[in-house]
Amino acid sequence: MIASPGIRGLVGYRSLSDYRAEKREVPSETDITAVRSIYNGSKMMLDVAKHWMDTCSATHPKCAVQLNTEFRAPTRLLDVAKFEHNRTARLVLSKDLEEDLRYLTLSYCWGGKSALMLKNSNIEELREGISLSMVPLTIAQAIEVTHRLGFRYLWVDSLCIIQDSPEDFSKELQLMGEIYRRAYFTIAASSATDCTQGLLHQKNSLQFFPCRISCVNSVEIFIQESASLPTPEDVRAMIIDEGPLNRRAWVVQERLLSMRTLHFGLNGLLFWECDTCEAFDGRPHGTIIQSRTWDADPKFAARTLLQTPRDLYNGLSSGDISLAAAERLRDPEYQGLASSAAITGIAARDFFFFWHILIMYYTRCNITKITDRLPGITGIMMEIQKASGFAIHDGIWHFDSHSCALELLWAVTSHHGKRIENRAPTWSWGAVDTSI
């Protein structure tokens, strides 16, 4: 129990109906301390998500979606324009849509087969309309969130890739990096273990907001589960680092390539992640991303490899790769330089250092079909290849004989792994089913 005359305006709601009974406006930028809602699907919470999104779009040059004249949008999208009218969406072809096309993507755990998937036999049916009652809860609520946030188009893999067509799967797999990197932002069901658990949940209000129970002699009495509110780092660990979604190998490239991500947690939390800042509904104005321990963070590593100017890669040779790169990158002075807001890329000689961070992270994630080990990271490999101009074969980069030899010095972390037959050459880490 907390007794304090200084806490004002932090009210705990005992139920969702209590919250809905009291109409509140979104606090202004100057007085937001915590979003006073226990439901991450409330108008208040989604209005704050819009605030994060609009702020990022207007003031974060690092987060600008990189437009590619050769890629407008995924082949197919879900049009959610009629959601409010009859709670349906429909499959559309992007080539038939307007030029200025903004779309969102969904990142989620399938957790088994989806109740409805796009197949050759139902393409025309889904173009007529998709009732939300036909799709898993996570997808249905992603369609709802897309509409409520003011967007019309959403990309969902199970409904936008023809699941019984190897040709279509292969074609769309080649576009995966572009699909997530060019999306306006990604909706992530970060705490859900399967597609039936949904995005929208209530939180335990006493964990985040003190509840006023009485006032005696001008002293306000509050009750709260913890004496301190969770920090952005605590919430990031709960939702992202320890969340089931980000332990899934296919999701690695979805998160690392997305310029902006709105994470939904089963505990009712809402967390924003972009290339410039992070925020959650307890402290919605965000925490500058440079405060992270960046040298072990796979998202920083991916962004460095993707954003390093092409001219820094030109003329790179294996002789530029220092054997002491890891130690140098852990030097506080070098860290300060590397994490500055103005950075566009670390010295090209550290290319392999960052790539190895990605691969070590990726190979520790779970994958249902071990034969998908290389396909699951194809999007990242293709995007880095475009940025650097380097060649990659079966997960091994090379631009001269020495660099190729350096890449072959990988080792497994466990002797219990097995070789994946007929999927990759024996010299590739993609040929084993254990972490490296």
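One can find the structure itself at the top, above this paragraph.
To keep things clear, this report deals only with the structure shown in the data block. For clarity, every value in this text was computed on a predicted model and none was experimentally measured. (Residues numbered from 1 in each chain as written. Predicted model: local features only at pLDDT ≥ 70, side-chain atom pairs only at ≥ 80, totals over all residues. Heavy atoms only, no water.)

**Remarks on the overall build of the chain**
Phase 1: From N to C terminus, the chain includes 17 helices and 15 strands.
Phase 2: When the 436 residues of the chain are sorted by exposure, 54% land in the buried category.
Phase 3: Sequence separation of at least 24 residues holds for 71% of the intrachain contacts in the chain that already meet a minimum separation of 6.
Phase 4: Surface accessibility of the chain: about 19900 Å² in total, with carbon and sulfur atoms responsible for 52%. (Helix = DSSP H or I, 4+ residues; strand = E, 2+ residues; numbered from the N terminus. Buried < 20%, exposed > 50% of the residue type's maximum accessible area, 1.4 Å probe, protein only. Contact = heavy atoms within 4.5 Å. Areas by Shrake-Rupley, 256 points an atom, 1.4 Å probe, with all protein chains shown as cover.)

**As for helix H2 (residues 43-59)**
Because an α-helix packs 3.6 residues into every turn, residues spaced three or four apart end up facing the same way.
Phase 1: When the terminal C-alpha atoms of H2 are compared, their 24 Å separation across 17 residues agrees well with the 24 Å that a helix rising 1.5 Å per residue should span.
Phase 2: Of all the residues in H2, the buried ones are Met44, Met45, Leu46, Asp47, Val48, Ala49, Trp52, Met53 and Cys56. (Expected span 1.5 Å × (residues − 1).)

**Some words on the packing of aromatic side chains**
Phase 1: Taken as a whole, this structure holds nine aromatic pairs when the rule is applied.
Phase 2: Both rings, one in Trp155 and one in Tyr180, keep their centres 5.7 Å apart while their planes meet at 85 degrees; by these two values the pair is edge-to-face. Within this pair, whereas Trp155 is found in strand E6 (residues 153-155), its partner Tyr180 is found in helix H7 (residues 166-181), the two being separated by 25 residues in sequence.
Phase 3: For Trp155, a relative accessible area of 0% corresponds to the buried category.
Phase 4: An angle of 90 degrees between the planes, with centres 5.5 Å apart, marks the rings of Trp355 and Trp397 as edge-to-face. Note that Trp355 is positioned in helix H15 (residues 351-362) and Trp397 in strand E15 (residues 396-398), a separation of 42 residues in sequence.
Phase 5: On the basis of relative accessibility, which here comes to 1%, the residue Trp355 falls in the buried class.
Phase 6: Its relative accessible area of 0% is what places Trp397 among the buried residues.
Phase 7: Here the aromatic cluster, defined as three or more aromatic residues joined through ring pairs, consists of Trp52, Phe151, Tyr184, Phe185 and Trp272.
Phase 8: One residue, Arg102, lies across the ring of Tyr184, its end atom 4.6 Å from the ring centre. (Phe/Tyr/Trp six-rings, centres within 6.5 Å; stacked < 30°, edge-to-face > 60°. Lys NZ or Arg CZ within 6 Å of the ring centre and 35° of its normal.)

**Focus on the layout of surface pockets**
To find leftover empty space, one rolls a probe the size of a water molecule over the atoms.
Phase 1: Size it by volume and the largest pocket reaches roughly 920 Å³.
Phase 2: Along the walls of the largest pocket sit 26 residues, with Trp110, Arg248, Trp250, Lys369 and Asp372 positioned nearest its centre.
Phase 3: Contributions of two or more residues to the lining of the largest pocket are made by H7 and helix H10 (249-257).
Phase 4: For the lining of the largest pocket, the per-class residue count stands at eleven nonpolar, eight polar and seven charged.
Phase 5: Two domains each provide a minimum of three residues to the lining of the largest pocket, namely domain 1 (43-200 + 233-288) and domain 2 (298-328 + 344-433). (1 Å grid on protein atoms, 1.4 Å probe; cavity = no way out; pocket = protein on both sides within 12 Å on 5 of 7 lines; lining within 4 Å. Points joined across faces, edges and corners; volume = space filled by probe spheres on them. Nonpolar A, V, L, I, M, F, W, Y, C, P; charged D, E, K, R; others polar. Domains from an automatic or database assignment.)

**Points about the pattern of salt bridges**
Phase 1: Under the defined criterion, the tally for this structure stands at 13 salt bridges.
Phase 2: Linking Arg182 and Glu178 is a salt bridge whose minimum nitrogen-to-oxygen distance equals 2.6 Å.
Phase 3: Here Glu273 makes a salt bridge to Arg255, at a shortest N to O gap of 2.7 Å. Of this pair, Glu273 sits in strand E11 (residues 270-274) while Arg255 sits in helix H10, and the two are 18 residues apart along the sequence. In this pair, the class of Glu273 matches that of Arg255, namely buried. (Salt bridge = Lys/Arg side-chain N within 4 Å of Asp/Glu carboxyl O.)

**Points about the side chain of Thr138**
Phase 1: The residue Thr138 is located in helix H5 (residues 137-148) in this model.
Phase 2: A distance of 3.0 Å separates the side chain of Thr138 from the backbone nitrogen of Gly198, its partner in a polar contact.
Phase 3: Residue contacts for Thr138: discarding those within four places in its chain leaves Leu106, Tyr108, Ala189, Asp194, Cys195, Thr196, Gln197, Gly198 and Leu199. (Polar contact = N/O pair within 3.5 Å; in protein donor to acceptor, adjacent residues only side chain to side chain.)

**Focus on the packing of H7 against H10**
Phase 1: With their axes 7 Å apart at the nearest point, H7 and H10 run at an angle of 35 degrees to one another. The segment H7 lies against H10, with Phe169, Leu173, Met176, Gly177, Tyr180 and Arg181 engaging Trp250, Gln253, Glu254 and Leu257.
Phase 2: In the contact of H7 with H10, the residues fall into six nonpolar, two polar and two charged. (Axes fitted to C-alpha atoms, helices over the stretch in contact; angles between N-to-C directions.)

**Details of the pairing of strand E2 (residues 76-79)**
Phase 1: Burial along E2 is two-sided: the face carrying Arg76 and Leu78 and the face carrying Leu77 and Asp79 are both buried.
Phase 2: Where E2 meets strand E3 (residues 88-93), four bridges bridge the pair, whose relative direction is antiparallel. Residue Asp79 lies in a different strand from E3, and its bridge partner there is Arg90.
Phase 3: Bridging between E2 and E6 involves two bridges; their strand directions are antiparallel. Following the sheet pairing, Asp79 is matched in E6 by Tyr153. (Pairing = 2+ DSSP bridges.)

Bear in mind that shape data such as this cannot, by itself, settle questions of function.
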